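Read off the chains here:
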Amino acid sequence: MKTRKFGNIFDVSVLGFGAMRMPVSGGHVDENEAIKMIRYAIDHSVNYIDTAYFYHNGESEEIVGKALLDGYRSKTMLATKLPLMGNVKCREDFDRLLEGQLKKLRTDHIDFYLLHSVNKNTWNDVILKLNLLDKMETAKKDGKIGHIGFSFHDDHDTFIKIIDAYDKWEFCQIQYNYMDTDNQAGTSGLEYAGSKGIPVIVMEPVLGGKLANTPPSVQQIFDQYHTKRTAIEWALNFVWSRREVPMLLSGMSSMEQLKENLRYAENAQYNALTDEDMAMLARVKEAYGKLRPVPCTECKYCMPCPSGVDIPANFSIYNDTFAFGLEASKGGYMWIRGQQADLCTSCGQCESKCPQKIGISALMPKVHERLTS
Ligand code: SF4
Ligand code: SF4
């Protein structure tokens, strides 16, 4: 496993294990398989495991904690995140949540602790209002957390503001891939954090797996190109090329995916892509843009919907109709009966939670109309 300097903190494996898309069976995480995967990753020199309070409706931290028993905790760095919106209403909530997380993770310290999914609202209304940075520093002094960081979903200017507002950030985590160069923190945000010496962990390098399933118009571009790589390999290499990025997180859902990513990590290098490669990926991006009208990453931050709409599932099927054809995709809509777009009452409460700023309520009637046409 290749490693890179994570600031002056440690040498991190270029591939980190993201515990947000673990294998699921019967509506719950397949615990045995997930533990097997986490331990396999660590046995193959992955030394950064990333979870969060919300992942898998709270099951993720519990399972990561179990996976790190039997001596595995000492072999890896462990990261989790403080949930903000709706969960931290007073300063005491910080201590309550952190203690609960330590218990679930079966550890006395969390190496990397992040304020989760920071945006302009959570920054102003929760973090600054309750002075949570002071709580983070106290937790660090007490040895309960090792390093202070944040994960981010908002626009570029907000990212710069947050980076500049605090001089003790030790790392940050952003969504970045070749589709998102001008979205959220974007390439210029990544470069700005790098210029300040802040290591940037990248999440969603394959856009929630979406860049792995190439539609014909995209696959054709890859097929006609002289250098042969799989779609996933192109996406990962795009991120690994960046000097600001010590490690990328992949949310792997099967042992097969894990083994594939471990193979790709063997060849990770800075500046791996040529100018010609980048021009080819720009053509891929353009082709995808034509096929995916709704930029939903299926992060589920908008959920639950009070009317029972499975928002990301509806958008995923809707987008599929453009990528793979209406008839080929319509069947999926039947499977989410009871959670379909027509249940939307336009209450609007999901929209402020969407990091992609999607106009969800306005789109729902269009989704239903297309999928039932
Ligand atoms: S706007 Fe529609 S989809 Fe969003 S929470 Fe309200 S009912 Fe659900
Ligand atoms: S609609 Fe927005 S918040 Fe909901 S899953 Fe998609 S990207 Fe995430």
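Everything numeric here is computed off the predicted structure, so don't read it as measured data. (Residues numbered from 1 in each chain as written. Chains lettered and ligands numbered in written order. Predicted model: local features only at pLDDT ≥ 70, side-chain atom pairs only at ≥ 80, totals over all residues. Heavy atoms only, no water.)

J.: Tell me about the environment of H147, and name the residues and values.
T.: With respect to the helices, strands and loops of the structure, H147 is situated in strand 9 (residues 145–152). Sequence-wise, H147 and L273 are 126 residues apart; in three dimensions their C-alpha atoms are separated by 32 Å. Once residues within four sequence positions are removed from consideration, H147 is found in contact with I9, D111, F112, Y113, E170 and F171. (Helix = DSSP H or I, 4+ residues; strand = E, 2+ residues; numbered from the N terminus. Contact = heavy atoms within 4.5 Å.)

J.: How would you explain the pattern of salt bridges if you had to name every residue and give the values?
T.: A complete count under the given rule lists 21 salt bridges for this structure. K135 is paired through a salt bridge with D95; the nearest N and O atoms lie 2.8 Å apart. In this pair, K135 sits in helix 5 (residues 132–141) while D95 sits in helix 3 (residues 91–104), placing the two residues 40 residues apart along the sequence. With a relative accessible area of 34%, D95 lands in the partly exposed category. Counted as one network, the salt bridges with shared partners bring together E191, R242 and E244. (Salt bridge = Lys/Arg side-chain N within 4 Å of Asp/Glu carboxyl O. Buried < 20%, exposed > 50% of the residue type's maximum accessible area, 1.4 Å probe, protein only.)

J.: Any chance you could break down the site of ligand 1 for me, citing the residues and the numbers?
T.: Around ligand 1, the structure places C305, P306, S307, I311, C344, T345, S346, C347, G348, Q349, C350 and S361. Residues of the shell around ligand 1, tallied by class, amount to 6 nonpolar, 6 polar and no charged. (Near = heavy atom within 4 Å. Nonpolar A, V, L, I, M, F, W, Y, C, P; charged D, E, K, R; others polar.)

J.: An account of the site of ligand 2 is needed here, citing residue identities and associated values.
T.: Neighbouring ligand 2 are 14 residues; C296, C299, K300, C302 and C354 lie closest to it. Mapping ligand 2 onto the cavity grids shows that it belongs to the second largest cavity. In terms of residues, the shell around ligand 2 owes the most to one element, helix 12 (residues 311–324), which gives 3 residues. (1 Å grid on protein atoms, 1.4 Å probe; cavity = no way out; pocket = protein on both sides within 12 Å on 5 of 7 lines; lining within 4 Å. Sits in = over half its atoms within 2 Å of the grid points.)

J.: Outline the pairing of strand 3 (residues 15–18), supporting the account with residue identities and numerical values.
T.: The two faces of strand 3 match: L15 and F17 on one face and G16 and G18 on the other face are all buried. Pairing of strand 3 with strand 12 (residues 248–250), which is carried by 3 bridges, proceeds in the parallel orientation. If you follow L15 over to strand 12, its bridge partner there is L248. Bridging between strand 3 and strand 6 (residues 48–50) involves 2 bridges; their strand directions are parallel. If you follow F17 over to strand 6, its bridge partner there is I49. (Pairing = 2+ DSSP bridges.)

J.: Which residues make up empty space enclosed by the protein, and what values go with them?
T.: In total, this model carries 3 cavities of 30 Å³ or more according to the counting rule given. What lines the largest cavity is a set of 17 residues, and nearest its centre among them are C305, I311, C344, C347 and C350. Residues belonging to the lining of the largest cavity are distributed by class as follows: 11 nonpolar, 6 polar and no charged. The computed volume of the second largest cavity comes to approximately 70 Å³. Along the walls of the second largest cavity sit 14 residues, with C296, C299, K300, C302 and C354 positioned nearest its centre. It is helix 12 that contributes the most residues to the lining of the second largest cavity, 3 residues altogether. (Points joined across faces, edges and corners; volume = space filled by probe spheres on them.)

J.: Describe the packing of helix 1 (residues 31–43) against helix 2 (residues 59–67), with residues and values.
T.: Where helix 1 contacts helix 2, the two axes come as close as 9 Å, and the packing angle between them is 55°. Considering their axes alone, helix 1 and helix 2 lie oblique with respect to each other. The two elements helix 1 and helix 2 meet at a crossing, and its hand is right-handed. Across from E31, A34, I35, I38 and R39 in helix 1, the residues of helix 2 making contact are I63, V64, K66 and A67. Of the residues contributing to the contact of helix 1 with helix 2, the split by class is 6 nonpolar, no polar and 3 charged. (Axes fitted to C-alpha atoms, helices over the stretch in contact; angles between N-to-C directions. Parallel < 35°, antiparallel > 145°, perpendicular 65-115°, else oblique. Left-handed = near helix turned anticlockwise from the far one by under 90°.)

J.: Can you tell me about the packing of aromatic side chains, naming the residues and giving the values?
T.: Per the stated rule, a full pass over the model turns up 20 aromatic pairs. Seen in terms of ring centroids, W123 and W169 are 6.2 Å apart; in terms of plane orientation they differ by 45°. Their pairing is tilted. Of this pair, W123 sits in helix 4 (residues 120–128) while W169 sits in the loop between helix 6 (156–165) and strand 10 (171–175), and the two are 46 residues apart along the sequence. With a relative accessible area of 3%, W123 lands in the buried category. Three or more aromatic residues joined by ring pairs make a cluster, and in this case those are W123, F150, F152, F159, Y166 and W169. Stacked on the ring of Y53, the Lys or Arg K104 has its end atom at 5.8 Å from the ring centre. (Phe/Tyr/Trp six-rings, centres within 6.5 Å; stacked < 30°, edge-to-face > 60°. Lys NZ or Arg CZ within 6 Å of the ring centre and 35° of its normal.)

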